[in-house]
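# Notes for the structure review
Each chain is listed here by its residues.
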Amino acid sequence: MAIKEILIILPTYPDAPPVRTMESACFLAQILGAKITGLIPQLSGDVATWPALIGTFPLDFPRLMDEAVHGSERNAQRLTEEITKAASEYRVGLDVRRSLTVLYGSPDPLIDLARLHDLTILPIPEIDSFDRNYLEPVLFGSGRPTLLLPSGRDQKPLRQMENVVVAWDFGREAARALSDALPILTMAKRVHIFSVLGEKHIRTTTGTGDLEKYLDSHDIKYRLEEAVFTEGTVGDCLTAQITKTNADMLVMGAYGHSRIREFVLGGATRGMLANPVVPIFLSH
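Each residue is numbered by its place in its chain's sequence as written, counting from 1. Where local features are concerned, this predicted model is filtered to residues with pLDDT of at least 70; where side-chain atom pairs are given and counted, the filter is 80 or more; whole-chain, interface and lining totals use all residues. Only hydrogens and water are set aside when side-chain values are computed; all heavy atoms of the structure are taken into account.

Moving on, we get to the overall build of the protein chain. Counting from the N terminus, the helices are the DSSP runs of H or I reaching at least four residues and the strands are the DSSP runs of E reaching at least two. Along the backbone of the protein chain there are nine helices and twelve strands. Relative to its full complement of 284 residues, the protein chain shows a buried share of 49%. When checking whether two residues touch, look at their non-hydrogen atoms; a contact exists if any pair is within 4.5 Å. Of the contacts made within the protein chain by residues no fewer than 6 positions apart, 84% connect residues no fewer than 24 positions apart. All accessible-area figures derive from a Shrake-Rupley calculation using a 1.4 Å probe, and residue coverage is judged against the displayed protein chains alone. Carbon together with sulfur atoms contributes 51% to the accessible area of the protein chain, which is approximately 14,200 Å² in total. Type-normalised accessible area, obtained with a 1.4 Å probe on protein chains alone, sets the label of each residue: buried when under 20%, exposed when over 50%, and partly exposed for intermediate values.

Let's shift gears to the confidence of the model for the protein chain. The predictor reports its confidence for every residue as pLDDT, a score running from 0 up to 100. Residues of the protein chain with pLDDT of at least 70 account for 83%, and the chain-wide mean is 85. Predicted confidence is poor over residues 259-265, with pLDDT under 50, and the contacts of this stretch with residues over four places away or in other chains come to 20 contacts.

All right, on to the nonpolar core then. What is meant by a nonpolar core is a set of buried Ala, Val, Leu, Ile, Met, Phe, Trp, Tyr and Cys residues, joined one to another through side-chain atoms within 4.5 Å. By size, the foremost hydrophobic cluster in this structure holds 49 residues, and its most contacted members are Ile6, Leu28, Ile36, Ile121, Met161 and Leu185. Residue contributions to this core peak at seven residues, all from helix H1 (residues 19-32). Ignoring anything within four residues of it in the chain, the contact list for Leu28 reads Leu119, Ile121, Leu147, Leu158, Met161 and Ile184. Counting residues in hydrophobic clusters, the runner-up holds 30 residues, among them Leu113, Val234, Ala254 and Val278.

The subject of this paragraph is the pattern of salt bridges. Any carboxyl oxygen of Asp or Glu that lies within 4 Å of a side-chain nitrogen of Lys or Arg is treated as forming a salt bridge with it. Summed over the entire model, instances satisfying the criterion amount to seven salt bridges. For Glu82, the salt bridge goes to Arg78, with nearest N and O atoms at 2.8 Å. One end of the pair is Glu82 and the other is Arg78, both in helix H2 (residues 61-90) and four residues apart, which spans about a single turn. For Arg78, a relative accessible area of 28% translates into the label partly exposed.

Side-chain rings of Phe, Tyr and Trp, where Trp is taken by its six-membered ring, are said to pair if the distance between their centres is within 6.5 Å; with planes under 30 degrees apart they count as stacked, over 60 as edge-to-face, and otherwise as tilted. This model, assessed by the stated rule, comprises one aromatic pair. Where Trp168 meets Phe170, the ring centres are 5.3 Å apart and the plane angle is 65°; that geometry is what we call edge-to-face. The buried category is assigned to Trp168, whose relative accessible area is 10%. Residue class for Phe170 comes out partly exposed when judged on its relative accessible area of 28%.

We now examine the environment of Glu82. C-alpha separation for the pair Glu82 and Val19, spaced 63 residues apart in sequence, amounts to 6.3 Å. Discounting residues that sit within four places of it in the chain, Glu82 has contacts with Val19 and Met22. Side-chain atoms alone can form a polar contact between residues adjacent in sequence; in general such a contact is a pair of N or O atoms within 3.5 Å, and within protein one must be able to donate a hydrogen while the other accepts it. Reaching out from Glu82, the side chain makes a polar contact with the side chain of Arg78 at a distance of 2.8 Å.

Within the element layout of this structure, Thr245 appears in helix H8 (residues 234-245). Accessibility expressed as a relative area gives 9% for Thr245, which makes it buried. Once you skip the residues sitting within four places of it in the chain, Thr245 turns out to touch Asn163, Val165 and His192.

This part covers the sheet that holds strand E3 (residues 94-101). At least two DSSP bridges between two strands are required for those strands to pair. Strand order in this open sheet of ten strands is E3-E2-E1-E4-E5-E12-E9-E6-E7-E8, and the pairing throughout is mixed. Looking at the sheet topology across the chains shown, the edges are occupied by E3 and strand E8 (222-228). Taken over all neighbouring pairs, the strand axes of this sheet differ in orientation by 25° on average, direction set aside. As paired elements, strand E6 (residues 163-167) and strand E7 (residues 190-197) share five bridges and run parallel to each other. By the bridge assignment for E7, Ala167 is matched with Phe194. Across the sheet, H2 touches strand E1 (5-9), strand E2 (35-43) and E3, and the angle it forms with E2 is around 170°. Across the face of the sheet, helix H5 (residues 172-180) comes into contact with E6, strand E9 (249-253) and strand E12 (280-283) while running at roughly 120° to E12. For helices, the fitted line uses only the C-alpha atoms of the stretch in contact; every axis is such a line through C-alpha atoms, and the angle between N-to-C directions lies from 0 to 180 degrees.

Below you can see the structure in the form of structure tokens.
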């Protein structure tokens, strides 16, 4: 599947992502020959849409909410200007969509729009302030891959595709991620297919030869690498591999299940989201 339509969600509250996040998205769109839809949800000023917080800030809440609305509006304007400038510099097509949203709103509009794009990009600020209310529904409900872009102060922007690490275990989620990421993997100078041995066992009737045949058929420049799981977590093993290879991106399957829209992440997925050191391409 080619990646021709990319959706990036640019939150305006409580914080807006930095300009390098939009530049990273535009870089990726440029090398893929894709267009970008920039969705900028802005807090609504309609008092009727404000949540009723009984017993919390009984006197100051209206003032605090009004300040949040105006801050969101300023962020929305800045994001519109910055992504328009970045798209122009990288010469990629752009469709900016500003919308009104509410605190603790339904993620359904994001999911519906993500389903009509080939890839959804979600910026991740400092993890403590990150609103996961839309991450997991988009990841598990859109049926499309998701790219998480770390946007903390110490994170480097995406400017090259030299090395990409693919977490591989012959399982369903890993196979889906490998297939969805093919347009990116063909652009990489080196793809490190990385397996952690001894952490879990997935039954398979295929072997390394079949994997190599698949990669060769797609002209992937790859290296197969393994590590034996002894201590720590799988996330620790993946982070060590990312550091070792100086990776620009991690591709992995998103493990988890849902029960009435409540999502439970698998251990490896949860571990990597806790402190992402590079952009993470996830498929479920």
